[in-house]
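# Chain and residue survey
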Amino acid sequence: MPLFGILKGGDVENTGLDSELSAVFSTPLTITSNQPVLAADTLSLRRKTMGQRAQRWEIVASICPTVGSNEYLLHSVFHGHEKTFQVRMPQIPKLPYSNALLYVSGEYVKGNTVLQYYSETTGDLVAGEFICFVDTRKVYLVLSVDIINQEIEIFPPLITDINSDEPIKHGDMVTLYAKFETSTGLGMTFIDGLLMDPGTITILEDLNEQSEIL
């Protein structure tokens, strides 16, 4: 089972190696889809709702306690609540993830939810898997997979255009660009004298494509 957590500083490639992590996520861990909705009740108490296009992923996770490691301390204090960093996006345990090299088949414009793909090696995507594309920062959820036609449905709809032959990152190579929620404490808590336990943190997906990665 791969490890998921906060990647070490800098805009570096996430290849799935455990050594690339500066802090490892533990349980309990929650992944939430934040999508604003306008809602109102009529006089007859019938609820009317209207969804918005905006969507971001939010993670609430515990950090594995460590002994003698200062990486989370340095990372959290350096990035604060305003700087963008990279996270290896957690995946659902025990799904049959493949190591296939996958690419987008055809060109797709902003708003598309159905894409075709092709593989250079044996393997496919699975429903419930998070993916991202090499040239954009947004993370998407695979809602369904048509293996015969090599077609997937994703959520949310594409927020940017996608070029043909663009690589699809999946499995433990999906990178979430994020910031700490302002309620998350920065620093370190020591328990039992030596054991360092940052506790529970909240991470918000950064949807600003222009943010510098530090």
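Quick note: structure is the one above.
This structure is a prediction, so every number in the text was calculated from the model and none was measured.

Before going further, it helps to examine the pattern of salt bridges. Should the charged atoms of two oppositely charged side chains come close, the side chains can pair. Applying the stated criterion across every chain, the model contains five salt bridges. Linking Glu13 and Lys169 is a salt bridge whose minimum nitrogen-to-oxygen distance equals 3.4 Å. Within this pair, whereas Glu13 is found in the loop between strand E1 (5-7) and strand E2 (21-34), its partner Lys169 is found in strand E13 (residues 167-169), the two being separated by 156 residues in sequence. A salt bridge links Asp41 to Arg47, with the nearest nitrogen and oxygen atoms 2.5 Å apart. Judged by relative accessible area, Asp41 falls into the partly exposed class, the value being 44%. We classify Arg47 as exposed; its relative accessible area is 55%.

In spatial order, the strands read E6-E16-E15; together these three strands make up an open sheet with antiparallel pairing. Edge strands, defined here as strands with exactly one partner in the open sheet, are strand E6 (66-67) and strand E15 (190-191). Relative to strand E16 (residues 195-196), E15 runs antiparallel, the two being bridged by two bridges. In the strand pairing of E16, Phe190 is matched with Met196.

Cut-offs applied
Each chain carries its own residue numbering, running from 1 in the written order of its sequence. Given that the model is predicted, a residue must reach a pLDDT of at least 70 before its local features are reported, and side-chain atom pairs must reach 80 or more before they are shown or counted; all residues, however, enter totals for whole chains, interfaces and linings. Heavy atoms from the whole structure form the basis of all side-chain values; hydrogens and water molecules are not counted. By definition here, a salt bridge exists when the distance from a side-chain nitrogen of Lys or Arg to a carboxyl oxygen of Asp or Glu is within 4 Å. Helix numbers and strand numbers start at the N terminus; a helix is a DSSP run of H or I with at least 4 residues, a strand a run of E with at least 2. In this scheme, a residue with accessible area under 20% of its type's maximum is buried, one over 50% is exposed, and one in between is partly exposed, where area comes from a 1.4 Å probe on protein chains only. Pairing between two strands requires that DSSP report at least two bridges joining them.

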